[in-house]
Amino acid sequence: MTEQLFSAASEVDRAFLFILAFAVGALVLVTALMLYFSWRYHHTRNPEAVEIPGSLGLELLWTILPTAIVMAMFWFGWTSFKAMRTVPEGAMEVGVEARMWSWAFTYPGGRRSAELVVPVGGDVKLAMTSRDVIHSFYVPALRLKMDTVPGLTTTAWFNIAAPGEFDILCAEYCGLKHANMITTLRAVPEEDFRQWLAGADAASARAGELFSAYGCTACHDLGGGQGLGPPLDALGGRTGDVLLPDGGRRRITVDADYLRRAMLDPGAEIAEGYEAMMPSYQDQIPEADLEAMIRWMLTGDTAGPPPGRELAEAEGCMSCHSTDGSSIAGPSFRDLAGSVRRVRDQSGAVHEVVADDAYLGQSILDPGALVVEGETPIMPEYDYLDAEQVARLVEYIRSLGPGGGAQP
Ligand code: CUA
């Protein structure tokens, strides 16, 4: 099965199958002999015990045969180990950073991502480390597993022969949310990979993700097709008639205001020819996402920096901070901005502070300085983020309320 996917993986399978076949063979042989001997040498058939003084031939056989088998196992194991350890020259190096409880991948050129995207047929070398405790990078489909250790760089490599999506797991118990350390390895054609790496597809893919994340694509097409609702692409500047609840009609030009109304209060103006069946998205979509979706519908705009949500996902914030008020391992982002927090400083004194921009920014860069009472100080420092990135994250947290807030 893995023959076509990754050559070293099939070596691992071969070693595994060889050992399994030998173990099954030995089990069958030993069991059969045991049954045969207890029948053949039962005292009714073999009343006189016979002493056997020794047999050079047999001793040689049971020494040489197992040695040969073990050497064969070693050979299979060694060749697969060598295939997995020998990184081909010119492999693209991707940095892997594990932390409680997410993965971050860094590409040549600096692009960071929470998913591992690789080109089909390309040699990929992973240089792995951890920010906190020992994790283990595990891709079952590739038979690839390697510990990530703080202060140490471990390596692995692979080459995926066909496009596909594979699970990446953490295979080392690393605390409360160990099971959250799941992400995706996506193998895409070389051309798509280059576009992805350049970030050219980021905004449009992100728009697509947003529309599907909020369920829009169940009824709306993003490519001009007809659905239960109107298509959502290239709407900027279009004119059309909308029906009002009182039976009247009005001519509108699609602009940002109209799209905002159409999402937050869809029943107030129904595009002609469609049913009034869309639910309101009032308080359902954070402001930053709403703006990104509107911008995409108007202009198909794929430029501009990705909003804070994407950065928060890429940096792994979402594995510990919810957006719906529930507690995962850290405080929820929901209604966090502007709230009053009881925090303990490094001297142990407790203060009340307002979670303003400065506090949020400091909490990202140096989370240990002020720890919310009752929380365990386990958050890693994000001191490698620049001021612009911190501001973007703070803005995202601010978009989640209070007041202006919305769900995920
Ligand atoms: Cu990381 Cu388990």
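None of the values given here were measured: they were computed from a predicted structure. (Residues numbered from 1 in each chain as written. Predicted model: local features only at pLDDT ≥ 70, side-chain atom pairs only at ≥ 80, totals over all residues. Heavy atoms only, no water.)

Examining the domain arrangement of the chain
And step 1. Here the chain is described as being made up of domain 1 (9–85), domain 2 (92–201), domain 3 (204–299) and domain 4 (307–399).
And step 2. On a C-alpha basis, the centres of domain 2 and domain 3 stand 36 Å from each other. (Domains from an automatic or database assignment.)

Quick notes on helix H2 (residues 56–85)
And step 1. The terminal C-alpha atoms of H2 lie 42 Å apart, and with 30 residues this matches the ideal 44 Å at 1.5 Å per residue to within 8%.
And step 2. Among the residues of H2, Ile69, Met73, Phe76, Thr79, Ser80 and Met84 are the ones counted as buried.
And step 3. Tucked inside the fold, the buried residues of H2 contact helix H1 (7–40), strand E7 (144–148) and strand E8 (154–159). (Helix = DSSP H or I, 4+ residues; strand = E, 2+ residues; numbered from the N terminus. Expected span 1.5 Å × (residues − 1). Buried < 20%, exposed > 50% of the residue type's maximum accessible area, 1.4 Å probe, protein only. Contact = heavy atoms within 4.5 Å.)

Describing the pattern of salt bridges
And step 1. Under the counting rule described, the total for this entry stands at 19 salt bridges.
And step 2. Here Glu191 ties to Arg194 by a salt bridge, and the two come within 3.2 Å at their closest N and O atoms. With Glu191 and Arg194 both in helix H3 (residues 190–198), this residue pair falls three residues apart, about one helical turn.
And step 3. A salt bridge links Glu272 to Arg249; its shortest N-O distance comes to 2.8 Å. Taken as a pair, Glu272 in the loop between strand E13 (270–271) and helix H6 (287–299) and Arg249 in strand E12 (residues 249–253) lie far apart in primary sequence, 23 residues in all.
And step 4. Given a relative accessible area of 40%, Glu272 falls into the partly exposed group. (Salt bridge = Lys/Arg side-chain N within 4 Å of Asp/Glu carboxyl O.)

Notes on the layout of surface pockets
And step 1. Taken as a whole, the second largest pocket holds about 820 Å³ of empty space.
And step 2. Surrounding the second largest pocket, 36 residues form its lining, His220, Pro230, Leu232, Tyr258 and Ala271 being those nearest its centre.
And step 3. Elements that contribute at least two residues to the lining of the second largest pocket include exactly strand E11 (239–243), helix H5 (256–264) and E13.
And step 4. Partitioned by chemical class, the residues of the lining of the second largest pocket number 25 nonpolar, six polar and five charged. (1 Å grid on protein atoms, 1.4 Å probe; cavity = no way out; pocket = protein on both sides within 12 Å on 5 of 7 lines; lining within 4 Å. Points joined across faces, edges and corners; volume = space filled by probe spheres on them. Nonpolar A, V, L, I, M, F, W, Y, C, P; charged D, E, K, R; others polar.)

Re the sheet that holds strand E1 (residues 92–99)
And step 1. Pairing within the open sheet is mixed, and its five strands lie in the order E3-E2-E1-E5-E8. Both outer strands of the open sheet, strand E3 (112–113) and E8, are each paired with one neighbouring strand and no more.
And step 2. Bridge analysis of E1 against strand E2 (residues 102–106) gives five bridges, and the strand direction is antiparallel. Among the inter-strand pairings, Val96 is bridged to a residue of E2, identified as Phe105. (Pairing = 2+ DSSP bridges.)

Re the nonpolar core
And step 1. In terms of nonpolar packing, the biggest core is built from 40 residues, with Leu116, Leu126, Phe137, Phe158 and Leu185 touching the most fellow members.
And step 2. It is E1 that provides the largest number of residues to this core, a total of four residues.
And step 3. With residues up to four places along the chain from it excluded, the contact list for Phe158 reads Phe6, Leu116, Val118, Gly122, Asp123, Val124, Leu126, Leu142, Leu144 and Leu185. (Core = buried A, V, L, I, M, F, W, Y, C linked by side-chain atoms within 4.5 Å.)

Section: helix H9 (residues 387–399)
And step 1. Compared with the 18 Å implied by 1.5 Å per residue over 13 residues, the 18 Å span of H9 between its first and last C-alpha is a close match.
And step 2. For H9, the set of buried residues is Gln389, Val390, Arg392, Leu393, Val394, Tyr396, Ile397 and Ser399.
And step 3. Where H9 is buried, its residues contact H6, helix H7 (308–314) and helix H8 (357–365).
And step 4. Positive phi appears at Gly401, one or two residues downstream of H9, with a value of about 105°.

Comments concerning unusual backbone geometry
And step 1. Trp101 follows Met100 through a cis peptide bond whose omega is 0°.
And step 2. With respect to the helices, strands and loops of the structure, Trp101 is situated in the loop between E1 and E2.
And step 3. A positive phi angle is found at Arg143, which is not glycine, with a value near 55°.
And step 4. If you trace the backbone, Arg143 turns up in the loop between strand E6 (135–139) and E7.
And step 5. A relative accessible area of 27% means that Arg143 is categorised as partly exposed.
And step 6. Here Asp335, not a glycine, exhibits a phi torsion of approximately 55°, which is positive.
And step 7. With respect to the helices and strands, Asp335 occurs in the loop between H7 and strand E14 (340–345).

Some thoughts on the packing of H8 against H9
And step 1. Relative to each other, H8 and H9 sit at 120°, their axes nearing to 9 Å. What the angle tells us is that H8 and H9 run oblique. The element H8 and its partner H9 pack so that their crossing is right-handed. Contacts from Asp357, Leu360, Gly361, Ile364 and Leu365 in H8 reach Val390, Leu393, Val394, Ile397 and Arg398 in H9. (Axes fitted to C-alpha atoms, helices over the stretch in contact; angles between N-to-C directions. Parallel < 35°, antiparallel > 145°, perpendicular 65-115°, else oblique. Left-handed = near helix turned anticlockwise from the far one by under 90°.)

Focus on the side chain of Ser363
And step 1. In this fold, Ser363 is placed in helix H8.
And step 2. Ser363 gets classed as buried once you look at its relative accessible area, which sits at 19%.
And step 3. Among the polar contacts made by the side chain of Ser363, one reaches the main-chain carbonyl oxygen of Tyr359 at a distance of 2.8 Å. (Polar contact = N/O pair within 3.5 Å; in protein donor to acceptor, adjacent residues only side chain to side chain.)

Remarks on the packing of aromatic side chains
And step 1. Per the stated rule, a full pass over the model turns up 13 aromatic pairs.
And step 2. On the basis of an interplanar angle of 10° and a centroid distance of 6.3 Å, the ring pair of Phe74 and Trp78 is categorised as stacked. Taken together, the residues Phe74 and Trp78, both in helix H2 and four residues apart, mark about one turn of the helix.
And step 3. Taken together, the aromatic side chains of Tyr36, Phe37, Trp39 and Tyr41 make up a single cluster linked through ring pairs.
And step 4. Cation over ring: Arg40 sits above Tyr41, and NZ or CZ is 4.9 Å from the ring centre.
And step 5. The ring of Tyr138 carries Lys145 above its face, with NZ or CZ at 4.6 Å from the centroid. (Phe/Tyr/Trp six-rings, centres within 6.5 Å; stacked < 30°, edge-to-face > 60°. Lys NZ or Arg CZ within 6 Å of the ring centre and 35° of its normal.)

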